[in-house]
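An overview of the molecular structure
If you want the building blocks of each chain, they are given just below.
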Number of protein chains: 2
Amino acid sequence: MEKGRVTIPSESNFLEETKRLMALWGADAIRDSDGTKLDDELKQIGAKIYTTYFVARGHNDFAEKHLEEVQQAFLLSERVTATKEGVVIPFLNGYLAEQLQPNYREDPKAWWEVYDRTTGELVPAEDWEVDQEQHLVTLKAWHPYHEYTVSFLASMVWDPTQMYNHITNDWGDKPHEIPFDVRQPESQAFMSSFLTNWLAENPDTDVIRFTTFFYHFTLFFNDQRKEKFVDWFGYGSTVSVRALKEFAKEYGYQLRAEDFVDEGYYNSTFRVPSKAYLDYIDFVQRFVAKEAKKLVAIVHEAGREAMMFLGDNWIGTEPYGPHFHEIGIDAVVGSVGNGTTLRMISEIPHVKYTEGRFLPYFFPDVFYEGNDPTIEAKENWLTARRALLRKPVDRIGYGGYLSLASQFPEFVAYIGEVTEEFRELYDRIHEVKPYTGLKVGILNAWGKLRSWQTHMVAHALWYQQIYSYLGVLESLSGQKIEVAFLNFDDVRDGVPADIDVLVNVGDAGTAFSGGKNWQDAKLIATLTEWVASGGGLVGVGEPTAYLANGRYFQLANVLGVDKELGFSLSTDKYFKEEVSEHFITAHSQPADFGEMQKNIYALSADTKILRYLDGSVQLATHDFYEGRGVYFSGLPYSPENAQIFLRALFYAAGKEAELNKWYAENPDVEVHAYPAKRQYAIVNNTDQEQVSVIYTENHSYTVTLAAGAIEWRDYDE
Amino acid sequence: MEKGRVTIPSESNFLEETKRLMALWGADAIRDSDGTKLDDELKQIGAKIYTTYFVARGHNDFAEKHLEEVQQAFLLSERVTATKEGVVIPFLNGYLAEQLQPNYREDPKAWWEVYDRTTGELVPAEDWEVDQEQHLVTLKAWHPYHEYTVSFLASMVWDPTQMYNHITNDWGDKPHEIPFDVRQPESQAFMSSFLTNWLAENPDTDVIRFTTFFYHFTLFFNDQRKEKFVDWFGYGSTVSVRALKEFAKEYGYQLRAEDFVDEGYYNSTFRVPSKAYLDYIDFVQRFVAKEAKKLVAIVHEAGREAMMFLGDNWIGTEPYGPHFHEIGIDAVVGSVGNGTTLRMISEIPHVKYTEGRFLPYFFPDVFYEGNDPTIEAKENWLTARRALLRKPVDRIGYGGYLSLASQFPEFVAYIGEVTEEFRELYDRIHEVKPYTGLKVGILNAWGKLRSWQTHMVAHALWYQQIYSYLGVLESLSGQKIEVAFLNFDDVRDGVPADIDVLVNVGDAGTAFSGGKNWQDAKLIATLTEWVASGGGLVGVGEPTAYLANGRYFQLANVLGVDKELGFSLSTDKYFKEEVSEHFITAHSQPADFGEMQKNIYALSADTKILRYLDGSVQLATHDFYEGRGVYFSGLPYSPENAQIFLRALFYAAGKEAELNKWYAENPDVEVHAYPAKRQYAIVNNTDQEQVSVIYTENHSYTVTLAAGAIEWRDYDE
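Procedures and definitions
- Residues numbered from 1 in each chain as written.
- Chains lettered and ligands numbered in written order.
- Predicted model: local features only at pLDDT ≥ 70, side-chain atom pairs only at ≥ 80, totals over all residues.
- Heavy atoms only, no water.
- Helix = DSSP H or I, 4+ residues; strand = E, 2+ residues; numbered from the N terminus.
- Rg over C-alpha atoms; globule rule 2.2 N^0.38 Å.
- Buried < 20%, exposed > 50% of the residue type's maximum accessible area, 1.4 Å probe, protein only.
- Contact = heavy atoms within 4.5 Å.
- Areas by Shrake-Rupley, 256 points an atom, 1.4 Å probe, with all protein chains shown as cover.
- Lys, Arg positive; Asp, Glu negative; His and termini not counted.
- Charge placed at Lys NZ, Arg CZ, Asp CG, Glu CD.
- 1 Å grid on protein atoms, 1.4 Å probe; cavity = no way out; pocket = protein on both sides within 12 Å on 5 of 7 lines; lining within 4 Å.
- Points joined across faces, edges and corners; volume = space filled by probe spheres on them.
- Nonpolar A, V, L, I, M, F, W, Y, C, P; charged D, E, K, R; others polar.
- Domains from an automatic or database assignment.
- Arc of directions from axis to C-beta.
- Salt bridge = Lys/Arg side-chain N within 4 Å of Asp/Glu carboxyl O.
- Least-squares fit on C-alpha atoms with pLDDT ≥ 70 in both.
- Buried area = accessible area lost by both parts, 1.4 Å probe.
- Polar contact = N/O pair within 3.5 Å; in protein donor to acceptor, adjacent residues only side chain to side chain.
- UniProt positions renumbered as here; feature names shortened; annotations may be inferred.
- Expected span 1.5 Å × (residues − 1).
- Pairing = 2+ DSSP bridges.
- Axes fitted to C-alpha atoms, helices over the stretch in contact; angles between N-to-C directions.

1. Observations concerning the overall build of chain A
Counting its regular elements, chain A contains 18 helices and 36 strands. Radius of gyration (C-alpha) of chain A: 27 Å, near the 27 Å computed for a compact globule of 717 residues. Within chain A, the proportion of its 717 residues that are buried is 65%. Sequence separation of 24 or more characterises 72% of the internal contacts of chain A that already satisfy a separation of 6 or more. Surface summary for chain A: the accessible area is close to 25,400 Å², and the carbon and sulfur share equals 47%. Each charge class in chain A was averaged separately, 66 positive and 106 negative side chains, and the resulting centres sit 3 Å apart.

This is the structure we're talking about:
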């Protein structure tokens, strides 16, 4: 087998060891990392060279001369309660002055807004004044004991990623990188000319690793130098008066500060997006695509490749969006935390290749004496591998200090195995479609745009409010299921014909459950008809939730359950008995439901309750004409839950008979089949030996798999 | 001390034993019970005789001849999903035909309603037809896959209480008592003439125990002869076409079926009441008061007393309502389940006396060989006694089969002690006001009308959704707090001057939390100003909850906490540390919070967190200008929680210094002082010996109390 498909970091004065590890791991590309530089010698050893490139930061010589072109954001002040004496709002309170400064260049009266947050009403501009010395807004007319806020335009004078690294690593007086806005004329000109020059000056760089383009996801720090607000999807830092004016010209209406601060929620990806925000997203994406395309063209003209990092200043590039293809980027690289993030990268369309950066990052937090970095590496690999087997990234790689990793021989050896296993896997399957038994549509307010990106706040961080929902995508990321991401418009007039099961997951009111979308009778009727005609609906958490017309779950009739909010306590709830046997739980233990739900009750005896805990239905199914509803109160990821979820999907689709095809009874084992090659893989997703009954196309047998093993077999074996 | 103030049940052939127990318990009144009759001899032994009297049921000779005057209710059918083929609604499905029959006497087209429950739209009457043979409604125009319901007028042909007893006790072919509607002319005439005759025929009856007047609380049974819907406060069974027409004439608008079926919630007491429902309540109360007054006049003319039972057919009498006083009833008797229900009875205004029926009822479910009925009696007495010490009922009593109770000598002896203790207590305090340190207002959508009646579904039944809130009233029922019940109109223009602390308790959206009332900026501003000026606000559960303007708890600024619904996950929540010391928890263990809440977070470091569990604030306080907010996630009743709540109230009022006055450190002990008499009682609320430090007006000492003891002392002792 050929070597390659592996990228490693390197650094100064590390030539020989780099060569050794390249050989051992079969690496064919070398990258720099934050804080490392590659020596010239290193660039001559035959590897492809990736170089990190910042478009809109890291050029303070330019930025300091053009502070009028610094990036901007609308910020919301704290809420201040008015008294009879009046109300004065120190609107900068709580923000980090090193990052965020009021932008007095633009007329506050034109762009800022003062809101009465008790009534939700805008205060007329003539009723307030700004003190630009003390950064105060004083109201001239007010209602005592109402709460008021100021939404103000701020200049972002510190790139959030550099700020984060700077503060975390205590970089002292190292200059703060000022992000500039390439929508502005000088910045626009600068970014192209600088890149052209840079390419000329860096002839050894084969791959320009854009990190990333123009606008950072929303990340504001507080006055304690700690994170105050973070939304990995947020378009908050793309704003400028120029942008707003261009938007108004194109769309025929003016966006206001409130369209961005959104009552303080800042259009979090958990909010059902407003029409204005969706328009604005499209507006920014088109701009970013147009401008990024120019840079890619420059790179291509210089005979190099353009790669983008999926993160940091990625706003506007959303790879599943309608404009990404316009950029013409060659490759995307992103960090792989689990199966879901692997698929998020590997499924990206319109690129020549994708690359996954695996964990651990070669940093001292993991690579220190006495710790075994192999543990994290194994977990990362086994977690992601099941997703690779569905749709592999084209390359894998690592980041950090290679000199640190090289001191851990067991780790070095293990990565040797991983890279070898990856290449074999890739060779076998990258051109063939794996067998899928069902097509499932994840239904939420974002749909395709945020494929594999539901319920994320900050990249891969744990939140109590989301882990019970993350099991849905994590399960699917490595299962024999084709996955589509659909928004409500995609199904309003009819569910796409190839969908077997729709899945709606999340807390009431969020973009993921759907919130006010469930007000729409058309949507409800379409989905009701679709299930009645044989479709399957799986709801997790508070699916289809919107309090109206005597129901909380608007598809309670399909799901067979609803949630008691207190109003219907007077109606007796008789149905609490669990069924003794059910296809879904036939050979796995009852699942863990994570945070669970309270007060979920079965509507009638027709609802089959599989799990009833703490006075509430946690898992139930319900036949609805020709179709079925399935309800889970929560579904954190575990192998057992993934298997139960898989069974639930087949059950919802009425395809129970097809489950036992390319299936393993042991939830720690999975089977992936590739019909075009008549081959299949049996994988042990754990670090222990596993035994399982395996179902192939038409027979079954028992297999014993070594820890972490992947076994490739022919259909006829 | 005199005997008396005690009512006992008796029965046929039980003369001598009745005399013995009367003497032993100091009883001065005898009552009949369900299924018992008093012999004539018994009526001559010098006791007052109470006789149960049914106004609008138990007269089938009359009712069967006037079925056109039977009581009625609007019922909602099950929701039926339309298909392309159509929709047919078997609207009686799920109702008990023995109780409820469609009323075809009144034109369905005029009074029934068909609703599209997917859109919330009324279907025009010309678009549906009723099949009166098969009890089906068929739509002539419909939207496929919408859900439809029929709201129909039903005749109630079985009194719900008799039905319940009949079914529970398996009374076989005993006739079903048909309730008739005294708003109808024949019934109206009958009720007065019958009572007049009855009084003449029952000269030995001293007290007519109305059980009760005209309309039963809402209680529908299902086709399995089990309870389907129960609302102890429901006005659903007061309806008739005549009533609706009279209402329209008086109020200038027509009520429709939907005003009663209310999307299926039937105006549960948990619903924030609509204007129409409040109008209708007033309308019924005025009618009931007017008609009951006539009956009371007849009783008085005959030289007897009129007593009403608080329950069963009590709808329209609500004793805390504005029209109750018009009835002129002499007494109210009700069942005492705990301190709250004791206060619910003892505080009733405009009567000569109140009577509490204590537990256990002398029925075989408790009085059987091998069981000790004294246990329930003790628990009932000790639970209610702390409320008696705040405001006693004027009499106590028992119900059931006296012959059964008399077989349990220990029980008989214990009731002897209880009755003696009651009389002593009553003699000492019934004319004096106990010391109170604070005045607390319970703020909800019902206010005074439902004093001591919050969060009740069916009388005293346990529900998972309410027990965490019941601790508020149960605590207050026996504490040195003056309690007022306020609705939102009562405080909108200003909180009454004598209120120290407002308490808002319940689940979001319910009448008890307040739901859409919290949309009102005036209310919010008034309460904000009031707390800022020194008031205290205590919130329990989801207080002031209404999602708007960036907040869920509309008074989050006062309470210092809000609830995360998912939209603000992007905002970092840093405040999780519990304070090490706090007045509220100074000498009791942290409380049990019942069902608790999830996702409650502190807004800033200014919020003092007393308890942080499961990722959520459970107990916190917050200073707000001159006043304070206190938040509890739940407060089920326990002595420890009651004490913590008491401390929280004093803290919220900023009157911590006054807590240690007539106060016991041990939560199982309480102190009740009566300034006008310069006496106080120390009570041990448990069945074990207790030791406590006691704080009097100006000093403290330690006391040891025998199990269940009450010790009376003078201030100067």
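Text resumes after the structure shown.
2. A word on empty space enclosed by the protein
Residue and element names in this part refer to chain B. Under the defined criterion, the tally for this structure stands at nine cavities of 30 Å³ or more. As for the largest cavity, its lining consists of 18 residues, and the residues nearest its centre are Gln-479, Leu-646, Tyr-663, Val-669 and Glu-670. Split by residue class, the lining of the largest cavity holds 10 nonpolar, five polar and three charged. Per-domain counts for the lining of the largest cavity show at least three residues from each of domain 2 (438-658) and domain 3 (663-714).

3. A word on helix α6 (residues 241-251) of chain A
All names here are of chain A. Where α6 is concerned, the buried positions are Val-241, Ala-243, Leu-244, Phe-247 and Ala-248. Within α6, the buried residues cover an arc of 160° as seen down the axis, which keeps them to one side. Exposed side of α6, more than 90 degrees from the buried face: Lys-245 and Lys-249 are the residues found there. For α6, the secondary structure elements touched by its buried residues are β4 (71-76), α3 (108-111), β12 (147-156), α7 (257-261) and α8 (275-301). Downstream of α6 by a residue or two, Gly-252 has a phi angle that is positive, lying close to 80°.

4. Here we look at the pattern of salt bridges
On inspection of all chains with the given rule, the structure shows 88 salt bridges over all chains. Residues joined by salt bridges that share partners form a network here, namely Lys-608, Asp-623, Arg-628 and Glu-656 of chain A.

5. Things to note about the relation of the copies chain A and chain B
Of the transformation superimposing chain A on chain B, the axial component is 0.0 Å and the angular component is 180°, with the fit at an RMSD of 0.0 Å. Look at the turn and shift together and you get a two-fold axis relating the two. No C-alpha of chain A approaches the rotation axis more nearly than that of Lys-598 of chain A, which lies at 5.4 Å. Looking at the interface residues of chain A, 100% of them are also at the interface in chain B, so both copies use one shared face.

6. Here's the deal with the domain arrangement of chain A
We note that the domain assignment places domain 1 (58-183 + 229-303), domain 2 (438-658) and domain 3 (663-714) within chain A. Distance between the C-alpha centres of domain 1 of chain A and domain 3 of chain A: 52 Å.

7. A short note on the interface of chain A and chain B
In this assembly, 63 residues from chain A lie in contact with 63 residues from chain B. Both sides of the chain A and chain B interface together cover about 5,300 Å² of buried area, and 49% of this is carbon and sulfur. Between chain A and chain B we count four salt bridges in total. In this structure, the salt-bridge partner of Glu-529 of chain B is Lys-84 of chain A, at a minimum N-O distance of 2.3 Å. Counting the contacts that link chain A with chain B gives 25 residue pairs in polar contact (both at pLDDT 80 or more). For the side of chain A that touches chain B, the elements supplying multiple residues, two or more each, are β15 (227-231), α16 (521-532) and β24 (545-548) of chain A. The element best represented in the side of chain A that touches chain B is α16 of chain A, accounting for six residues. Each residue belonging to the side of chain A that touches chain B can be placed in one class, and the counts come to 23 nonpolar, 22 polar and 18 charged.

8. A word on unusual backbone geometry
Residues and elements named next belong to chain A. Following Thr-211, the chain continues into Thr-212 via a peptide bond in cis, with omega recorded as -15°. Positionally, Thr-212 belongs in the loop between β13 (207-210) and β14 (218-221). Of note, the amide linkage connecting Leu-359 to Pro-360 takes the cis form, showing an omega dihedral of 0°. Relative to the assigned elements, Pro-360 resides in the loop between β18 (353-357) and α11 (373-388).

9. Overview of the UniProt feature "domain: Lacto-N-biose phosphorylase C-terminal" (unreviewed entry) in chain A
Residues annotated in UniProt with the feature "domain: Lacto-N-biose phosphorylase C-terminal" (unreviewed entry) correspond here to residues 662-712 of chain A. The span residues 662-712 of chain A is 0% helical and 57% strand by assignment, and the distance between its end C-alpha atoms comes to 13 Å.

10. Here we look at helix α18 (residues 639-652) of chain B
Residues and elements named next belong to chain B. The terminal C-alpha atoms of α18 lie 20 Å apart, and with 14 residues this matches the ideal 20 Å at 1.5 Å per residue to within 8%. Burial of α18 is extensive: 12 of the 14 residues sit out of reach of the surface. All of the buried residues in α18 are Asn-641, Ala-642, Gln-643, Ile-644, Phe-645, Leu-646, Arg-647, Ala-648, Leu-649, Phe-650, Tyr-651 and Ala-652. Gly-654 sits one or two residues past α18 and shows a positive phi near 70°.

11. Structural notes on the sheet that holds strand β23 (residues 536-541) of chain B
Residues and elements named next belong to chain B. Here we have seven strands laid out as an open sheet, ordered β21-β20-β22-β23-β30-β29-β28, and mixed in their pairing. Looking along the sheet, the strands with just one partner apiece sit at the ends: β21 (481-486) and β28 (607-613). Each strand axis lies, on average, 15° off the axis of its neighbour in the sheet, ignoring direction. With six bridges connecting them, β28 and strand β29 (residues 616-624) associate as antiparallel partners. Among the inter-strand pairings, Ile-609 is bridged to a residue of β29, identified as Ala-620.

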